[in-house]
Amino acid sequence: MLRLLQNLLRHEKPRTRKTAAVSGTVEFLETSRVITLLIFVATITAIVFISFVGVSTVNLPVLPNQLASLRITASAPFTYVSEEKTRFAREQMRDRVPPVYRLDFESLQQFDAHLHELLVDLESFEHTHPANSPFAGKRKEDFAALVDHFNASGPYHVSGEDISALFLAGDAPTRSALVDAGLRILREIYSEGVHDGRAFGVGTDPSRITVYQITRDDGEVVQRSAASLEQALTFLRITLSAETADRNLSALLFRLFRNGLTPNLIFDRDATLRLQDEALRELKPVVVSVERGQTIIEPGTRVTPEQYEMLVAQREFLLDRGDIARDEGLQLFGRILLVLAMVLASLLYIRLEDRETLHSNGRLGLLALVVILNLALVRLTYALSSLPFFITHSQTASLLPFLAPTAIAPLIVAILIDAGSAIFMALFISIFTSVIYGNRLDLLVLTFLASVVAIYCSRHTRKRGNVVRASVLAGLTVALFALLIGVVDRLEFATILNHMGAGLLTGLLTGVGVAGLLPILEGLFKRTTDITLLELTDYNHPLLRLMQMEAPGTYHHSLVVAQLSENAASAIDANPLLARVCALFHDIGKAAKPEYFTENQHDGINPHDDNNPSLSALIIKSHVKDGVDLALKHKLPRAVIDVIQQHHGTSLIRYFYQRAIQDTRVPISASGSRTPFPASKDPFAPAPPGLEPVPVSETTYRYDGPKPQFKESAIIHLADAVEAASRSVRKATPQHLGEIIDQIFHDRMEDGQLDEAPVTLEELNKIKTSFTFTLLNMLHSRVAYPAAETAPERGQKSEDGKTPSRS
């Protein structure tokens, strides 16, 4: 209350609360696939430009579907066989050859057999049931079984009335004649072909379909017209009406025989391919003649496959004539292919091993930026060789490959992202370095090995001096291999020493440069290294000093939570240093109102006693927002701010929630009216008889969240609760602590606080074990000292046989 009064007397202006929420623009830049595509295109373009080395106009960077920037014309007349135009002509020829289908009579044959089987069954039924009415008694059941047997023999749907009408149409010869007439019509329809349109594709006019049938005798393909299923049914109805004068009988026969009418066209792939091959054998390759000065590619247009083929043909023609100036490096076309292959390989690697980077434009931008800058520095060292000084001093010019700083990007990626991506970047840089310097395989191996050494030595780097040490070791690797290469190439000893010195100097400068770039890249791309995290563990940090002075109880609580979190993070292979730093700062918001938190209260004074539960809950929750304000003001890393927001998740402030429920309980009079009733001091006390609780909204008494989103945040969320619960333990035993920790874990999981954290049940079990071990060592008991007048002398044992310690 005194603090609030002082603030009012000072008439402080209300401060504007900073927000940790990500703006829409930042979120768009971070997640938009358009930005990802731009990064991809920009990376390829930059690398192609950087690796450009002395390419003639014939070797311009042109690929199919690429937008051409210059006009390319034929410098000499030539002819070539166009595979693109030949392929297009072959495709047109294949399209002109119609498909071949064959007629399938299997379904008709099955229907024929089933109908004759039905006739035999009807004749047998006629002999076994000579009565006038076949539907009386058991005869009716047997006839129904006969009908079901016929329908089950195929995809038939014939009613019992229709088969009964056929049975009553006459004797067995009459029925057989009717069936044979219908089957004859079906054979005629099947021999012409029936289709349902699906075999010919969507949008085809069935009336214009032409079918090609393969005869069984000589395999000759003949042309026939096929009828649609609707046309075949119409033909069947009309023909049956002509065969039978009785309209009812013709309708009966139509309903029976339509069950045997199905599409019978089957695509014959072998025959179709044979016809196409016969047509293609007569097609000759297309030969294209190009005149001198003819335009091959127009500027501002996308290069078609035909234009690209013509350009390649001109290159081959000029190369055969010896008109292309040969460079020491790859041709530009090969360079573009190499860039595309390497960038695509990088994306595939990231997709397989580091999907988080693939979904973060910031991380992709970091990778692209450091690679481009590194290649630009390598290209700059190569450009020095064109200066007059280096042209006239070849010995000095031979130092340039060893002065190329190829380990900059791998070192930065290893420290800011991970070692796996750094190794891939090392290979990427080494390949293009060898290309720039004339496809030198020895330089590729040398630079890649040096970068890998730097990456290995920079693992778990927590001091900036370690970065310089790692790069110096990489320079030493370059020096040793320069010695071996010089000996193999039989160079002068002085030249070998110069190469070794250049390698060492490059390693030293690389380390200094990376150490200076790291803070800039951390701030630009919102990355946090172990170096920065270790600097934040300094107990003289302004926020930690503030907590020591204003909220010493909270400070001690944070130290214990930090120890618990660090040990648990080590147990599940998370980042122990990140967990420790985030735990140290997770409760810095309590320094704004320390007296409202139990660990900072003294002399039994609790300001919450004078507040209603909702106000107390609001004050308790405010330490999260106050902590975010302080973190933003002091520019703490994003991970620390996330933990401040997430370390309570959306958990319930149970004490004040129960107190609110207690305060809302009112007695019910005999008339049914409610009158106020004084609340109990114990919010967890049972309600007196005759009291009815009024519903209390949990939202008011829950933290705003979000829930923990990563492993370190989940560990701190659990450690915070476990540390608070451990304060009530009078005597720490493994069983007692285990029960408390199990209950806390169970409650948090039941409440859904860990639903969004990427932790497994196995990892949670390891966290429990780590918490138990750490707390048992923290809460250990000591030997009680005897009274001063009876204290044993040094070396004298107490009654329990132990020598008291003086810790």
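This write-up is about the structure you can find in this document. (Residues numbered from 1 in each chain as written. Predicted model: local features only at pLDDT ≥ 70, side-chain atom pairs only at ≥ 80, totals over all residues. Heavy atoms only, no water.)

On to the overall build of the chain, then. Looking only at helices and strands, the chain has 33 helices and 12 strands in total. For the chain, buried positions account for 44% of its 807 residues. Across the chain, the fraction of contacts at a sequence separation of at least 24, relative to all contacts at a separation of at least 6, is 77%. Per element, the accessible surface of the chain, about 43,800 Å² overall, is 58% carbon and sulfur. (Helix = DSSP H or I, 4+ residues; strand = E, 2+ residues; numbered from the N terminus. Buried < 20%, exposed > 50% of the residue type's maximum accessible area, 1.4 Å probe, protein only. Contact = heavy atoms within 4.5 Å. Areas by Shrake-Rupley, 256 points an atom, 1.4 Å probe, with all protein chains shown as cover.)

Another aspect to go through is helix α27 (residues 576-585). Counting buried residues in α27 gives 10 out of 10 residues, a clear majority hidden from the surface. Every buried residue belonging to α27 is among Pro576, Leu577, Leu578, Ala579, Arg580, Val581, Cys582, Ala583, Leu584 and Phe585, and all of these are buried. In this structure, the buried side of α27 is in contact with α24 (530-536), α25 (542-550), α26 (552-571), α29 (638-646) and α31 (711-726). Where α27 begins, the capping side chain belongs to Asn575, and its oxygen is found 3.2 Å from the backbone nitrogen of Leu577. (Polar contact = N/O pair within 3.5 Å; in protein donor to acceptor, adjacent residues only side chain to side chain.)

This paragraph deals with the pairing of strand β2 (residues 78-81). The side-chain alternation of β2 yields one buried face, formed by Phe78 and Tyr80, and one unburied face, formed by Thr79 and Val81. Examined bridge by bridge, β2 and strand β9 (residues 287-290) share four bridges and lie antiparallel to one another. Note that in β9 the partner of Phe78 across the bridge is Val290. (Pairing = 2+ DSSP bridges.)

The next thing to look at is unusual backbone geometry. A cis amide bond, omega 5°, links Gly705 with the succeeding residue Pro706. Following the sequence through the fold, Pro706 ends up in the loop between β12 (691-692) and α31. For Asp573, which is not glycine, the phi dihedral falls at a positive 60°. Counting through the fold element by element, Asp573 comes out in the loop between α26 and α27. Despite not being glycine, Lys635 has its phi angle at roughly 55°, a positive value. Mapped onto the elements, Lys635 comes out in the loop between α28 (613-633) and α29.

To continue, consider a nonpolar patch on the surface. A grouping of Phe28, Leu29, Val34 and Leu38 is seen on the molecular surface, where their side chains present a nonpolar patch of about 390 Å² in accessible area. Elements that contribute at least two residues to the nonpolar patch include exactly α2 (24-31) and α3 (33-50). Tracing the backbone through its elements, the reader meets Val34 in helix α3. (Patch = residues over 30% accessible without salt bridge, like charges linked within 9 Å, V, L, I, M, F, W, Y side chains within 5 Å. Salt bridge = Lys/Arg side-chain N within 4 Å of Asp/Glu carboxyl O.)

Moving on to the pattern of salt bridges. As enumerated under the stated definition, the model contains 17 salt bridges in all. In this structure, Asp112 engages Arg187 in a salt bridge whose closest nitrogen and oxygen atoms are separated by 2.8 Å. Of this pair, Asp112 sits in helix α5 (residues 106-128) while Arg187 sits in helix α8 (residues 172-192), and the two are 75 residues apart along the sequence. Using a relative accessible area of 17% as the deciding quantity, one classes Asp112 as buried. Across the pair Lys593 and Asp626 runs a salt bridge whose closest N-O atoms are separated by 3.7 Å. Taken as a pair, Lys593 in the loop between α27 and α28 and Asp626 in helix α28 lie far apart in primary sequence, 33 residues in all. Taken together, the shared-partner salt bridges in this structure form one network comprising Glu84, Arg87 and Glu91.

With that settled, the discussion passes to the nonpolar core. Counting residues in hydrophobic clusters, the biggest one holds 66 residues, and the most contacted among them are Ile47, Val370, Val371, Leu375, Phe428 and Tyr437. The contacts of Val370, once residues within four sequence positions are left out, are Ala409, Ile412, Val413 and Leu521. One finds Leu577, Cys582, Leu754 and Ala757 within the second-largest nonpolar core, a separate group that totals 55 residues. (Core = buried A, V, L, I, M, F, W, Y, C linked by side-chain atoms within 4.5 Å.)

Attention now moves to the packing of aromatic side chains. Taken as a whole, this structure holds 11 aromatic pairs when the rule is applied. Ring centres of Tyr655 and Phe656 lie 5.1 Å apart, and the angle between their planes is 85°; on these two criteria the pair is classed as edge-to-face. Judged by relative accessible area, which is 39%, Tyr655 ranks as partly exposed. Of the aromatic side chains, those joined through ring pairs into one cluster are Phe111, Phe150, Tyr156 and Phe257. (Phe/Tyr/Trp six-rings, centres within 6.5 Å; stacked < 30°, edge-to-face > 60°.)

A few words now on helix α23 (residues 493-525). Here α23 contains 33 residues, and its C-alpha end-to-end distance of 46 Å stays within 8% of the 48 Å for a straight helix at 1.5 Å per residue. The sharpest bend along α23 reaches about 30° and sits at Leu517, with the proline Pro519 one to four residues further on. Positioned one or two residues after α23, Lys526 has a phi angle of 55°, which is positive. (Expected span 1.5 Å × (residues − 1). Bend = angle between axes of the 7 residues up to and from the residue.)

With that out of the way, let us pick up the packing of α5 against helix α7 (residues 160-167). Two numbers describe how α5 lies on α7: the axes approach to 11 Å, and their chain directions differ by 70°. Overall, the two elements α5 and α7 adopt an arrangement that is roughly perpendicular. Considering only the axes of α5 and α7, their crossing is right-handed. Residues Leu118, Leu122, Phe125 and Glu126 of α5 form the contact with α7, whose own contacting residues are Ile163, Leu166 and Phe167. Looking at the contact of α5 with α7 residue by residue, the classes come out as six nonpolar, no polar and one charged. (Axes fitted to C-alpha atoms, helices over the stretch in contact; angles between N-to-C directions. Parallel < 35°, antiparallel > 145°, perpendicular 65-115°, else oblique. Left-handed = near helix turned anticlockwise from the far one by under 90°. Nonpolar A, V, L, I, M, F, W, Y, C, P; charged D, E, K, R; others polar.)

As for its position among the elements, Gly516 is in helix α23. Measuring from C-alpha to C-alpha, the distance between Gly516 and Arg464 comes to 9.0 Å, with 52 residues separating the pair along the chain.

With that out of the way, let us pick up the packing of helix α4 (residues 83-96) against helix α11 (residues 269-281). A pair of packed helices is characterised by two quantities: the angle between their axes and the separation of those axes. Contact geometry for α4 and α11: axes closest at 9 Å, N-to-C directions at 135°. Between α4 and α11, the crossing angle belongs to the class labelled oblique. As for the relative orientation of α4 and α11, their crossing is right-handed in sense. Every residue of α11 that contacts α4 at Arg90, Met93 and Arg94 is listed here: Leu273, Gln276, Asp277, Ala279 and Leu280. Across the contact of α4 with α11, the residue classes tally to four nonpolar, one polar and three charged.

Mapped onto the fold, Ser565 is located in helix α26. Residue contacts for Ser565: discarding those within four places in its chain leaves Ala579, Ala583, Ile715, Ile716 and Ala719.

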